[in-house]
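# Secondary and tertiary structure notes
Below, each chain spelled out in residue letters.
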Amino acid sequence: MTSVQMAPVPSSYVVAYRDDGPLSRGMGALVSGQLPPLPPLIAGAFVIGVLLLIGVAGSDGLAVFAPAVTLLLAGPGSSHPHDGRLDWLVPPILRLIEYTFIAACGFAHDVPPVLIFALLGALAFHHYDLIYRLRQRAYPPPWLSTFGLGWEGRMMVISLSAIVGVVTGGFVLLAAYLWVLFGWESLTCWLATSPSGVAATATETRD
């Protein structure tokens, strides 16, 4: 019978829900968890909102720098334990920034709505799958966050596609890649993980 070796569940679910990629995790390693995650992220969300209002993710506007600004402000907080009273707000704010930027960029460059929703659908599927896994104590393998690019990597792909003028192509490639990656990994994981195995993992973790 096929089995899947699950990665250990992080001590803080909030950190796992962030869905950081290698760039964000690298910046977090530089500060060793000393930077609180929420205040810089709130400042970043405000700046991103201003940039989107000014440039609407246009290739000739400042909005293309939104991913870099978010990374610089939110990335260092990735290594923090997120044990503050309001630190649970960090993941939904990151989701709001990522989804809003992708949608704004797509609509501003006349990307077919079906492609925009296809990309957002892949992200929503991944994030829902992540939440459900953590509830079942079946955390995804560490490589998934790397190959999934993280919130910062996905935003940068869309930003770069806007800069070079191939936004529609960027949406097509990224949406197809993420659906294949997230769909295949999730399907193979859940098919190979028996309910009894998940329950046993949960019991061992509680003990």
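Given the structure is predicted, the values throughout are model-derived calculations rather than measurements. (Residues numbered from 1 in each chain as written. Predicted model: local features only at pLDDT ≥ 70, side-chain atom pairs only at ≥ 80, totals over all residues. Heavy atoms only, no water.)

## Regarding the overall build of the protein chain
Short version of the rule: For helices the rule is a DSSP run of H or I covering at least 4 residues; for strands it is a run of E covering at least 2, with both sets numbered from the N terminus onward. Exposed residues in this analysis have more than 50% of their type's maximum accessible area, buried residues have under 20%, and partly exposed residues fall in between, with area computed by a 1.4 Å probe over protein chains only. Any two residues having at least one pair of non-hydrogen atoms within 4.5 Å are treated as being in contact. Areas reported here follow the Shrake-Rupley algorithm with a probe of radius 1.4 Å; residue values treat only the protein chains shown as occluding.
The number of helices and strands found in the protein chain is ten helices and zero strands. Ordered by position in the sequence, the α and β elements of the protein chain form the string α-α-α-α-α-α-α-α-α-α. Relative to its 207 residues, the protein chain shows a buried fraction of 46%. Put simply, of all contacts in the protein chain between residues at least 6 apart along the chain, 84% involve residues at least 24 apart. Surface accessibility of the protein chain: about 10,300 Å² in total, with carbon and sulfur atoms responsible for 71%.

## With respect to the side chain of Ser-24
Here Ser-24 is to be found in helix α2 (residues 22-31). The class of Ser-24 is buried, set by a relative accessible area of 0%.

## Examining the pattern of salt bridges
Where we set the bar: Throughout this description, the term salt bridge denotes a Lys or Arg side-chain nitrogen within 4 Å of a carboxyl oxygen of Asp or Glu.
One pass over the structure, following the stated rule, counts six salt bridges. Close ionic contact of Arg-18 with Asp-20 constitutes a salt bridge, the shortest N to O distance being 2.6 Å. This pair shows no difference in class: Arg-18 is buried, exactly as Asp-20 is. Note that Arg-154 and Glu-98 form a salt bridge whose closest N and O atoms lie 2.6 Å from each other. With Arg-154 in helix α8 (residues 150-164) and Glu-98 in helix α5 (residues 90-108), this residue pair connects regions lying 56 residues apart in the sequence. Classification of Arg-154 by relative accessible area gives buried; the value is 1%.

## What about α5?
Basically, it comes down to this: A helix is expected to reach a length of 1.5 Å times the quantity of its residues less one.
In this model, α5 (19 residues) spans 27 Å end to end at C-alpha, consistent with the 27 Å of a helix rising 1.5 Å per residue. One or two residues past the end of α5 sits Asp-110, with phi positive at roughly 55°.

## Describing the environment of Phe-125
Position of Phe-125 relative to the elements: it lies in helix α6 (residues 113-135). Separated by 53 residues in sequence, Phe-125 and Leu-178 have C-alpha atoms that sit 10.0 Å apart. Apart from residues lying up to four places away in sequence, Phe-125 is in contact with Trp-179, Phe-182, Gly-183 and Ser-186.

## Focus on the environment of Thr-168
Looking at where Thr-168 falls in the secondary structure, it is placed in helix α9 (residues 167-192). Overall, Thr-168 belongs to the partly exposed group, its relative accessible area being 32%. Along the primary structure Thr-168 and His-109 are separated by 59 residues, whereas in three dimensions their C-alpha atoms are 7.9 Å apart.

## Here's the deal with the packing of aromatic side chains
In plain terms, the rule: Stacked, tilted and edge-to-face are the three classes assigned to paired rings of Phe, Tyr and Trp, where Trp is represented by its six-membered ring and a pair needs centres within 6.5 Å; plane angles under 30 degrees give stacked, over 60 edge-to-face, the rest tilted.
Taken as a whole and judged by the stated rule, the model has three aromatic pairs. With 5.7 Å between their ring centres and 35° between their planes, Phe-125 and Trp-179 make a pair best called tilted. Taken together, the residues Phe-125 in helix α6 and Trp-179 in helix α9 connect sequence positions 54 residues apart. On the accessibility criterion, Trp-179 (38% relative accessible area) is partly exposed. Ring geometry for Trp-143 versus Phe-147: centroids 6.0 Å apart, planes at 75°, classification edge-to-face.

## What about the confidence of the model for the protein chain?
Going by this rule: Values of pLDDT, which run from 0 to 100, indicate the predictor's confidence residue by residue.
Averaged over every residue, the pLDDT of the protein chain is 82; residues scoring 70 or more account for 83%. For the protein chain, the element scoring lowest by mean pLDDT is helix α10 (residues 195-206), at 46; α6 scores highest, at 92. Scored below 50 in pLDDT, residues 196-207 shows five contacts in the model against residues more than four places distant or in partner chains.

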